[in-house]
Amino acid sequence: MQQPISRQDGGRGRRRGKGGERKPASPPASPTPLPVFLFPHQLVFYSDQRSTHRRVLTLYNPYAFPLAFKMMCTAPSLYSVVEAEGSVRAKSCVDLVVRHQEVRCVNQGRRDRFRLQVRGGGRTGSREVWAELRRGEEGEDSLQRRTLPPPSPRLHPPLPPPPTCLPGYPTVRSRQQGLVLGVLGVVCVALLLLPLQPQHSSLVPPCTVSLTQKLVCAYILGQCLCDVCVCLFVWCGVCVSVTPCTYSVPGLLTMAFLR
């Protein structure tokens, strides 16, 4: 008894999967898009300059086969393109003239889009170009960018004022120090008011001071007065500088009490 011969699908048939379902053949790979060389990349029209109401787009064909092209726009009523559809020979270029037909204030700042579709050599490609109508004249944008003030630097908290530096004298930092200087100054004034000790007398009065003691007291008193003045100026927020006259205060006081 002969067994039935099973039928096998050849290379032309479709393969059967599990459950008897046929799997569809994989679609052929699509070719890569054709690069399009179109310059410039943007069209800018200026309302106050009639020479800019007409712009030129240049399409280059660096390939060894001719290209067929077609220009489309999102606002065809606002623009007119000379030779919007045609072809360009191999290793050559073609100019596309674009004119803006509605230069009005209502259209200023509006951005429209052009799309150029090309095909050749069994492949297709496209390129988009933006168009915009601006107010003023060409060159004013760059001039405004130059005249704009530089951006303000980032704000930082203000720095504390520098300490008052007075050469030759320490800075009084507390009221206790000022009080001590005041008491010391009063003691020096009291000692300077006492009479001098006689030089050729064997009897020494109980309330007399020598010349050396008066000189020392006068110097200390001058230092105290200077420090107290500096303390007052610092508390008042006044910046002062010490001059050479300040150093002569002890000498002046000494001369006044010795006369």
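Heads up: these notes are all about the structure in this document. As the structure is a computational prediction, the values presented were derived from the model and not from experiment. (Residues numbered from 1 in each chain as written. Predicted model: local features only at pLDDT ≥ 70, side-chain atom pairs only at ≥ 80, totals over all residues. Heavy atoms only, no water.)

Some remarks on the pattern of salt bridges
Then, in step 1: Applying the stated rule across the entire model yields seven salt bridges.
Then, in step 2: Measuring nitrogen to oxygen at the nearest pair gives 2.9 Å for the salt bridge that ties Asp112 to Arg110.
Then, in step 3: We classify Asp112 as buried; its relative accessible area is 3%.
Then, in step 4: Note on Arg110: relative accessible area 37%, which makes it partly exposed.
Then, in step 5: The residue Arg115 makes a salt bridge to Glu128 at a minimum N-O spacing of 2.6 Å. Remark: Glu128 occurs in strand β9 (residues 123–134) and Arg115 occurs in strand β8 (residues 111–120); sequence separation between them is 13 residues.
Then, in step 6: Take Glu128: its relative accessible area is 33%, and that puts it in the partly exposed class. (Salt bridge = Lys/Arg side-chain N within 4 Å of Asp/Glu carboxyl O. Buried < 20%, exposed > 50% of the residue type's maximum accessible area, 1.4 Å probe, protein only. Helix = DSSP H or I, 4+ residues; strand = E, 2+ residues; numbered from the N terminus.)

Considering the packing of aromatic side chains
Aromatic rings in a pair are described by how distant their centres are and how their planes are angled relative to each other.
Then, in step 1: A complete count under the given rule lists five aromatic pairs for this structure.
Then, in step 2: Residues Phe45 and Tyr79 carry aromatic rings whose centres are separated by 6.0 Å and whose planes lie at 40° to one another, so their mutual orientation is tilted. Residue Phe45 is found in strand β2 (residues 42–46), and its partner Tyr79 is found in strand β5 (residues 79–82); the two are separated by 34 residues along the sequence.
Then, in step 3: Ring centres of Tyr63 and Phe65 lie 5.3 Å apart, and the angle between their planes is 10°; on these two criteria the pair is classed as stacked. (Phe/Tyr/Trp six-rings, centres within 6.5 Å; stacked < 30°, edge-to-face > 60°.)

Here's the deal with the sheet that holds strand β7 (residues 92–100)
Then, in step 1: The sheet built from four strands is open, its strands ordered β1-β3-β7-β5 with antiparallel pairing. Where the open sheet ends on each side, the last strands, each with one partner, are β1 (37–39) and β5. The average undirected angle you get between the axes of adjacent strands in this sheet is 25°.
Then, in step 2: Note: strand β3 (residues 54–61) against β7, eight bridges, orientation antiparallel. From the neighbouring strand, Leu57 faces β7, where its bridge partner is Leu96. (Pairing = 2+ DSSP bridges. Axes fitted to C-alpha atoms, helices over the stretch in contact; angles between N-to-C directions.)

Let's talk about the environment of Glu102
Then, in step 1: Mapped onto the elements of the fold, Glu102 is located in the loop between β7 and β8.
Then, in step 2: Residue classification places Glu102 among the partly exposed residues on the basis of a relative accessible area of 23%.
Then, in step 3: Separated by 23 residues in the primary sequence, Glu102 and Tyr79 have C-alpha atoms spaced 7.7 Å apart.
Then, in step 4: Residues in contact with Glu102, not counting those within four places in the same chain, are Ser77, Leu78, Asn107 and Leu133.
Then, in step 5: There is a polar contact of 3.1 Å between the side chain of Glu102 and the side chain of Arg104. (Contact = heavy atoms within 4.5 Å. Polar contact = N/O pair within 3.5 Å; in protein donor to acceptor, adjacent residues only side chain to side chain.)

Considering the nonpolar core
Here is a general trend for soluble globular proteins: nonpolar side chains tend to be buried in one another's company.
Then, in step 1: Among the nonpolar cores identified, the biggest contains 24 residues, and Leu43, Leu57, Leu59, Tyr79, Phe114 and Leu116 are the most heavily contacted of them.
Then, in step 2: Mapped by element, the contributors of at least two residues to this core are β2, β3, β4 (67–73), β7, β8 and β9.
Then, in step 3: Leave out the neighbours within four places in its chain, and Leu116 touches Val36, Leu38, Leu59, Phe69, Lys70, Met71, Leu96, Gly125, Ser126 and Arg127.
Then, in step 4: By size, the runner-up hydrophobic cluster in this structure holds five residues, among which are Cys188, Leu192, Cys217 and Leu221. (Core = buried A, V, L, I, M, F, W, Y, C linked by side-chain atoms within 4.5 Å.)

Looking at the pairing of β4
Then, in step 1: When β4 meets strand β6 (residues 85–88), the two strands line up antiparallel, connected through four bridges. Directly across from Ala68, in β6, lies its bridge partner Ser87.
Then, in step 2: Pairing of β4 with β8, which is carried by six bridges, proceeds in the antiparallel orientation. Across the sheet, the residue bridging to Ala68 is Arg119, located in β8.

Note that all results are geometric; they support no functional claim without further evidence.
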